[in-house]
Amino acid sequence: MSKPVLVCALRRINAIRVLADALERLPPCREKLGKSNSALQRVMALTPEMTFRQAVLFFTEKDFVTGEPCFYCLTCISLTKCICFSYIVGEMWRCHVESLFTYLQAGAQVLCTVLLIKPGAWTRSLARILRKLDLEKFSVVGMKHTNLERDIALGLLSSEMMQDPAVLEAHCTYLTSGSALVLCLQRSNAVKKLLDLLGPEDPKLAQALDPFLWRAQYGINAVQNGFYGSKSYQIAVRDMKLFFPEGLCCADCQTLEEEEV
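Residues numbered from 1 in each chain as written. Predicted model: local features only at pLDDT ≥ 70, side-chain atom pairs only at ≥ 80, totals over all residues. Heavy atoms only, no water.

**A word on the sheet that holds strand E5 (residues 180–188)**
Okay, step 1: If you walk across this open sheet you meet the four strands as E4-E5-E3-E6, and the pairing is antiparallel. The sheet is open, and its two edges are formed by strand E4 (139–146) and strand E6 (227–229), each paired on a single side. Taken pair by pair, the neighbouring strands of this sheet meet at an average axis angle of 20°, ignoring direction.
Okay, step 2: As judged from the eight bridges shared by strand E3 (residues 110–117) and E5, these two strands associate in the antiparallel manner. Bridge pairing in E5 links Val110 to Ser188.
Okay, step 3: Relative to the sheet, helix H11 (residues 190–198) contacts E3, E5 and E6, its axis offset from that of E3 by approximately 35°. (Pairing = 2+ DSSP bridges. Helix = DSSP H or I, 4+ residues; strand = E, 2+ residues; numbered from the N terminus. Axes fitted to C-alpha atoms, helices over the stretch in contact; angles between N-to-C directions. Contact = heavy atoms within 4.5 Å.)

The following block contains the structure:
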């Protein structure tokens, strides 16, 4: 190659999918890349395995430092690496330096999330729900039934629901109408996996997308939709501290220790 080019290592959750979508939306790239994986492969790594192989080819372990564990994607545009990458990131994250290669080799990290089975749903279908959790490789590391108070119920609702007083009142009335069962679940990529299983909050939409989604099977309407699941890892940590202040019965987990759960 006659001209210098740039290789970048990018990090964020779902990095591969998000980067592919971003490239396909760029006007100069849309016609050239389209939806073809073979075309995308010329400018980015498409799998975690490919990412690791290309990272080893273009970077050394000292080039990579990070703060928190995440998923990674390497964009390969050339055979030249960005020599200032480690310096810039190293300055930003001087207080907490760990190798990205370690995370790439370790694979998905075991995390926890919270599943709240809403009033009525858990008394009818608990055995089947626990069986489904086992089939999906979740470990139950915390369980309790509770009668939600109004302020706690409000904290579980999205900002969109807060904007409509009637919707807000309907959800609060239902959530506080009886006992709910709260489970803390553990597995790799737990937060996203649980949300994927639950599906959209409206059971009718879930039914249209996939009748095997849990809200499609156990939900009645947009209010009595069967389940609440933590929508992000940060919210999962908040929910664990809220519902399980006494701690969890899981094995030692570095992430939970760091969050003081």
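**Some words on the side chain of Arg215**
Okay, step 1: Summarising the element assignment, Arg215 is placed in helix H13 (residues 214–218).
Okay, step 2: Not counting residues within four places of it along the chain, the set of residues in contact with Arg215 comprises Leu198, Gly199, Pro200, Glu201, Pro203, Ala206, Asn225, Phe227, Tyr228 and Gly229.

**Concerning the packing of aromatic side chains**
Okay, step 1: Overall, the coordinates contain two aromatic pairs when judged by the stated rule.
Okay, step 2: Taking the centre distance of 5.9 Å and the plane angle of 50° together, the rings of Trp214 and Phe227 count as tilted. Here the residue Trp214 occupies a position in helix H13, and Phe227 occupies one in strand E6, the gap between them amounting to 13 residues. Just as Trp214 is buried, Phe227 falls in that class too.
Okay, step 3: These aromatic residues form a ring-pair network of at least three members: Trp214, Tyr218 and Phe227.
Okay, step 4: Geometry around Phe138 places Arg187 over its ring, the cationic atom sitting 5.5 Å from the centre. (Phe/Tyr/Trp six-rings, centres within 6.5 Å; stacked < 30°, edge-to-face > 60°. Buried < 20%, exposed > 50% of the residue type's maximum accessible area, 1.4 Å probe, protein only. Lys NZ or Arg CZ within 6 Å of the ring centre and 35° of its normal.)

**What to know about the confidence of the model for the protein chain**
Okay, step 1: When the pLDDT values of the protein chain are averaged, the result is 77; 71% of them are 70 or greater.
Okay, step 2: Element-level mean pLDDT values for the protein chain span from 35 in helix H5 (residues 85–92) up to 96 in E6.
Okay, step 3: Taken as a whole, residues 67–97 scores under 50 in pLDDT and shows 83 contacts with residues more than four places along the chain or in a different chain. (pLDDT = per-residue confidence, 0-100.)

**Focus: helix H1 (residues 15–25)**
The α-helix advances 3.6 residues per turn, and as a result positions three or four apart in sequence lie on the same side.
Okay, step 1: Turning to H1, its buried residues are Ala15, Ile16, Leu19, Ala20, Leu23 and Glu24. On an axial view of H1, the arc spanned by its buried residues comes to 155°, and they lie on one face. (Arc of directions from axis to C-beta.)

**Focus on a nonpolar patch on the surface**
Okay, step 1: A grouping of Leu130, Val140 and Met143 is seen on the molecular surface, where their side chains present a nonpolar patch of about 220 Å² in accessible area.
Okay, step 2: Here Met143 shows up in strand E4.
Okay, step 3: The exposure class assigned to Met143 is partly exposed, which follows from its relative accessible area of 44%. (Patch = residues over 30% accessible without salt bridge, like charges linked within 9 Å, V, L, I, M, F, W, Y side chains within 5 Å. Areas by Shrake-Rupley, 256 points an atom, 1.4 Å probe, with all protein chains shown as cover. Salt bridge = Lys/Arg side-chain N within 4 Å of Asp/Glu carboxyl O.)

**Things to note about the environment of Asn225**
Okay, step 1: Structurally, Asn225 can be placed in the loop between H13 and E6.
Okay, step 2: Using a relative accessible area of 1% as the deciding quantity, one classes Asn225 as buried.
Okay, step 3: Beyond its immediate sequence surroundings of up to four residues, Asn225 is in contact with Lys118, Glu201, Pro203, Arg215, Gly219 and Ile220.

**Here we look at unusual backbone geometry**
Okay, step 1: Residues other than glycine seldom take positive phi values, yet Lys137 does so here, at roughly 70°.
Okay, step 2: Topologically, Lys137 is positioned in the loop between helix H7 (121–135) and E4.
Okay, step 3: Despite not being glycine, Asn189 shows a phi value in the positive range, around 55°.
Okay, step 4: Along the chain, Asn189 turns up in the loop between E5 and H11.

**Some details on the nonpolar core**
Okay, step 1: Of all hydrophobic cores here, the largest spans 42 residues; its most connected members are Leu115, Ile117 and Trp214.
Okay, step 2: Where this core is concerned, the elements lending two or more residues are E3, H7, helix H10 (165–175), E5, H11, H13, E6 and helix H14 (233–243).
Okay, step 3: The residues touching Ile117, leaving out its near neighbours within four places in the chain, are Trp122, Leu126, Ile129, Ala180, Leu181, Leu183, Gly226 and Phe227.
Okay, step 4: One finds Ile16, Leu23, Leu40 and Met44 within the second-largest nonpolar core, a separate group that totals six residues. (Core = buried A, V, L, I, M, F, W, Y, C linked by side-chain atoms within 4.5 Å.)

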